[in-house]
Amino acid sequence: MDVRAASVVLFCLMGFTFAVPVKYLDCGSTSGKVAVVDINPCLNDPCQLHKGQSYSVNVTFNSAVESQTSKAVVHGIVAGVPVPFPLDNDDGCKCGIQCPIKQQDYNYVTSLPVKSIYPSMKLVVKWELKDDGENDLFCIEFPVQIVG
Ligand SMILES: *[C@@H]1O[C@H](CO)[C@@H](O)[C@H](O)[C@H]1NC(C)=O
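Residues numbered from 1 in each chain as written. Predicted model: local features only at pLDDT ≥ 70, side-chain atom pairs only at ≥ 80, totals over all residues. Heavy atoms only, no water.

Asker: Describe the pattern of salt bridges, with residues and values.
Answerer: In this structure the tally under the stated criterion is five salt bridges. For K130, the salt bridge identified is with E128, shortest N-O distance 3.2 Å. Judged on exposure class, the residue K130 and its partner E128 are both buried. The network of salt bridges with shared partners includes E128, K130 and D136. (Salt bridge = Lys/Arg side-chain N within 4 Å of Asp/Glu carboxyl O. Buried < 20%, exposed > 50% of the residue type's maximum accessible area, 1.4 Å probe, protein only.)

Asker: Now, about the side chain of D136: what can you tell me, with residues and values included?
Answerer: Position of D136 among the secondary structure elements: in strand β9 (residues 136–147). D136 sits in the buried class, given a relative accessible area of 7%. (Helix = DSSP H or I, 4+ residues; strand = E, 2+ residues; numbered from the N terminus.)

Asker: Residues and numbers for the site of the ligand, please.
Answerer: What surrounds the ligand is the set N58, T60, N107 and V109. Side-chain polar atom of N58 to an oxygen atom of the ligand: 2.4 Å apart, as the coordinates give it. Contact with the protein chains removes 39% of the 360 Å² of surface that the ligand exposes when unbound. If you list the elements that add at least two residues to the shell around the ligand, you get β4 (54–63) and β7 (105–113). Taken together, the residues of the shell around the ligand sort by class into one nonpolar, three polar and no charged. (Near = heavy atom within 4 Å. Polar contact = N/O pair within 3.5 Å; in protein donor to acceptor, adjacent residues only side chain to side chain. Areas by Shrake-Rupley, 256 points an atom, 1.4 Å probe, with all protein chains shown as cover. Nonpolar A, V, L, I, M, F, W, Y, C, P; charged D, E, K, R; others polar.)

Asker: Describe the state of the cysteines, naming the residues involved and giving the relevant values.
Answerer: Each disulfide is one covalent bond, formed between the sulfur atoms of two cysteines. One pass over the full model with this rule turns up three disulfides. Two residues share a disulfide in this structure: C27 and C139, whose sulfurs sit 2.1 Å from each other. Here C27 and C139 share a disulfide; its torsion about the S-S bond, -100 degrees, makes the bridge left-handed. Remark: C139 occurs in strand β9 and C27 occurs in the loop between β1 (25–26) and β2 (32–40); sequence separation between them is 112 residues. A residue is classified by how much of its surface remains accessible, and C27, at 26% relative accessible area, is partly exposed. Taking the relative accessible area as the measure of exposure, C139 reaches 0% and is therefore buried. Paired by a disulfide, C93 and C99 hold their sulfur atoms 1.9 Å apart. Because the sign of the S-S torsion sets the handedness, a value of about -80 degrees for the bond joining C93 and C99 places this disulfide among the left-handed ones. Of the residues examined, C93 reaches a relative accessible area of 23% and is grouped as partly exposed. C93 supplies the cysteine sulfur nearest to C95, a cysteine that is in no disulfide, at a spacing of 8.8 Å. (Disulfide = S-S within 2.5 Å.)

And the structure:
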């Protein structure tokens, strides 16, 4: 392998080693616009979530509305069926967002604990943050893989 090929390989490896923005699908952010979704650590595509570990979730979005409250609703979509995923803390105003919400940029930051009782499988996580009117400040879907 010549030096150039080696540096290309090294560069690619580095690209995978550092946290990269998660590829997500917007599932109807009517009250806002998503800029970046970050899950840490997430070294693979899709993110591999190890049982017993906790992951930080950081969604950068811009709110198009004013809202007193924000409430997170999470589902795991397994074989096309959305299964409610209860959060310990579903209050977005306690997750990096200063309420009342104004028309500006926000970072929604929370942790996602992956319990050891979860089955090993691939699924799609649907994460919504709802405003006063039950509309989505953001709605994102991203694939994950739960591993042992
Ligand atoms: C969340 O992401 C934004 C944009 O990438 C960054 O500026 C901010 O520092 C992050 N916040 C945390 C707590 O990681």
